[in-house]
2 protein chains.
Amino acid sequence: MSHTDLQKTEFTVIGIVESGFKEKFGVPRQPRLTHIRSKIRMLPPFNTPDAFEGLEQFSHIWLSFVFHQTQNTHWRPKVRPPRLGGNRKMGVFATRSTVRPNPLGLSAVRLIAIETLDSGVTLVVEGADLMDNTPIIDIKPYLPFSDQIPDATGGFAENAPEAKLKVVFSSTAQDYLLSLGKQEITDTIIEVLSLDPRPAYHSDPERQYGIHLFDFNVQWRCAENVAIVEKISPVNHEI
Amino acid sequence: MSHTDLQKTEFTVIGIVESGFKEKFGVPRQPRLTHIRSKIRMLPPFNTPDAFEGLEQFSHIWLSFVFHQTQNTHWRPKVRPPRLGGNRKMGVFATRSTVRPNPLGLSAVRLIAIETLDSGVTLVVEGADLMDNTPIIDIKPYLPFSDQIPDATGGFAENAPEAKLKVVFSSTAQDYLLSLGKQEITDTIIEVLSLDPRPAYHSDPERQYGIHLFDFNVQWRCAENVAIVEKISPVNHEI
């Protein structure tokens, strides 16, 4: 069988993620590492309340989605997982790398609410590691009896990555957050930066980073194990 | 947005399941309800051993696959899950029904072996609820820290379906199994029938069922809580 003979299957996007993660940098590297809330706006004809009846009985759901930011990146058999320090290679199928033969993502997240409005159905979820505008292709209930495997072992990814960094704010940043009066923004910044989103090979304390969260650009740097948020500013939207 | 505007994403089949389940009837309704082994034959260019390096450290893997037998069946917002007796309806997204907006399946199975041969890579797995020839589109490690959610609740599907039927063999069937000398066939028949694969609304003790497992047709009926295997015969393959 030549490569061009490979069978293809077409999937339809059924919903779109609305999330504060506006770019790849800063997105948690696994689901449920944060308490950040996002929404899944279902698209017609998949936004009928009937299709969700009974889902409210489940505390968690599986999201199958498209890695839309990396879907045109050609896969390679080996990748460098961040949790191995970015310098050891592993087979792509032994990782959950976004660059893989099919750009298919899988995350279990907490289901907070199923909102039914005139415009259809929107799911509110907690802990999603999904960028804004991520296309959703399936939603399934998390089945405890089937999905919890008590004797499963996880090799090089046995334990959860820990929150590594203490997060502090400059007085400028703190004043700005206070003027916003949105605790969610502060909480999100703390959760995202404490997970240390820097690439593994960075350790320059003078280096400045910028993360686009919600409508804000967060500028920070990292000295020892402290993330210092220096400035927060609104991102200018083009009209 | 009209239906024809919906965005599509194309996925490539990366492997094919080789399983004793030759037809839908009899396939376990969730993964890991049996100890039955199947294989996943990876297709080129996805069958390079490099792509699997490190996967042997994981006891279980996620398979994302295409429900190829029902992929052309039109989805409906409500379905009748077998575990609700087949007479109560639920929203399709609250179930793992094979008939859903996208024919995407998800199963966690035990990884037994990664076989590397001249012809590429074949995975041996245990407990798959997958039909023969099922197209695989992704393989990911099962990550205990991320995929085990101890506080998850499962509504109407909280507990695993139990083995319901005692399985007995007629002397004809038993003699035939002895002549084959393959314990795997006997074990498979017992595991499959004990899960009671009948549709929920069947209860006629005279009714005959046939299941195609491996290269055999298994004829049986069910009286009270006993599955009686009456005859096992080879399926004739056309040349």
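Residues numbered from 1 in each chain as written. Chains lettered and ligands numbered in written order. Predicted model: local features only at pLDDT ≥ 70, side-chain atom pairs only at ≥ 80, totals over all residues. Heavy atoms only, no water.

Novice: It is not clear to me how the domain arrangement of chain A should be interpreted in this structure. Could you clarify?
Specialist: Often, the extent of an interface is quoted as the loss of accessible area upon association of its parts. All names here are of chain A. In terms of domain boundaries, chain A breaks down into domain 1 (13-147) and domain 2 (166-234). On a C-alpha basis, the centroid separation for the pair domain 1 and domain 2 is 24 Å. Counting the surface lost from both domain 1 and domain 2, the interface buries some 1300 Å², and carbon and sulfur atoms represent 63% of this. Among the residues of domain 1 in contact with domain 2, Lys-22, Phe-25 and Ile-36 are the three that bury the most area, contributing 38% of the side total. Our enumeration of links across domain 1 and domain 2 arrives at zero salt bridges. Linking domain 1 to domain 2 there are six residue pairs in polar contact (both at pLDDT 80 or more). By residue class, the composition of the side of domain 1 that touches domain 2 is six nonpolar, six polar and three charged. (Domains from an automatic or database assignment. Buried area = accessible area lost by both parts, 1.4 Å probe. Salt bridge = Lys/Arg side-chain N within 4 Å of Asp/Glu carboxyl O. Polar contact = N/O pair within 3.5 Å; in protein donor to acceptor, adjacent residues only side chain to side chain. Nonpolar A, V, L, I, M, F, W, Y, C, P; charged D, E, K, R; others polar.)

Novice: Is there a simple way to think about the relation of the copies chain B and chain A in this case?
Specialist: Mapping between the two chain copies consists of a rotation about an axis together with a translation along that axis. Overlay of chain B on chain A (RMSD 0.0 Å): rotation 180 degrees, translation along the axis 0.0 Å. The symmetry that links the two subunits is that of a two-fold axis. Interface residue correspondence from chain B to chain A reaches 100%, placing this contact among same-surface, isologous pairings. (Least-squares fit on C-alpha atoms with pLDDT ≥ 70 in both. Contact = heavy atoms within 4.5 Å.)

Novice: I would appreciate a short explanation of the packing of aromatic side chains in the present structure.
Specialist: Each aromatic ring pair is characterised by the separation of its centres together with the angle its planes make. In this structure the tally under the stated criterion is 18 aromatic pairs over all chains. A centroid spacing of 4.8 Å and a plane angle of 35 degrees characterise the contact between Phe-52 of chain A and Phe-93 of chain B, whose relative ring orientation is tilted. Of this pair, Phe-52 of chain A sits in the loop between strand E3 (37-42) and strand E4 (60-66) while Phe-93 of chain B is found in the loop between strand E6 (90-91) and strand E7 (104-117), placing the two residues in two different chains. (Phe/Tyr/Trp six-rings, centres within 6.5 Å; stacked < 30°, edge-to-face > 60°. Helix = DSSP H or I, 4+ residues; strand = E, 2+ residues; numbered from the N terminus.)

Novice: Honestly, the environment of Gly-15 of chain B in this entry has me stumped. Any pointers?
Specialist: Residue and element names in this part refer to chain B. Take Gly-15: it is sitting in strand E2 (residues 15-18). A relative accessible area of 0% means that Gly-15 is categorised as buried. Spatially, the C-alpha atom of Gly-15 lies 8.5 Å from that of Asp-138, the residues being 123 residues apart in sequence. Sequence-distant contacts of Gly-15, defined by excluding residues within four places in its chain, comprise Arg-41, Met-42, Leu-43, Thr-134, Pro-135 and Ile-136. (Buried < 20%, exposed > 50% of the residue type's maximum accessible area, 1.4 Å probe, protein only.)

Novice: Explain the UniProt feature "domain: TsaA-like" (unreviewed entry) in chain A here, please?
Specialist: Per the UniProt entry, the sites bearing "domain: TsaA-like" (unreviewed entry) are residues 11-151 of chain A in this numbering. Helix makes up 3% of residues 11-151 of chain A and strand 36%, and the two end C-alpha atoms of the span are 33 Å apart. (UniProt positions renumbered as here; feature names shortened; annotations may be inferred.)

Novice: I keep staring at the interface of chain B and chain A and nothing clicks. Help me out?
Specialist: Listed per partner, the contact involves 82 residues of chain B and 82 residues of chain A. Both sides of the chain B and chain A interface together cover about 7700 Å² of buried area, and 60% of this is carbon and sulfur. Contact with chain A buries area across many residues of chain B, yet Phe-11, Phe-93 and Phe-145 of chain B alone supply 11% of it, more than any other trio. Between Lys-78 of chain A and Glu-53 of chain B there is a salt bridge whose closest N-O contact spans 2.3 Å. Counting the contacts that link chain B with chain A gives 40 residue pairs in polar contact (both at pLDDT 80 or more). Among the elements of the structure, strand E1 (8-12), strand E4 (60-66), E6, E7, strand E9 (135-141) and helix H1 (144-147) of chain B are those that each provide at least two residues to the side of chain B that touches chain A.

Novice: Could you clarify how one ought to interpret the environment of Phe-52 of chain A in this entry?
Specialist: The exposure class assigned to Phe-52 of chain A is buried, which follows from its relative accessible area of 2%. Each C-alpha atom, one on Phe-52 of chain A and one on Thr-116 of chain A, is 10.0 Å from the other, the two residues being 64 residues apart in sequence. Discounting residues that sit within four places of it in the chain, Phe-52 of chain A has contacts with Met-42, Phe-46, Ile-114, Val-121, Leu-123 and Ile-139 of chain A together with Gly-91 and Phe-93 of chain B.

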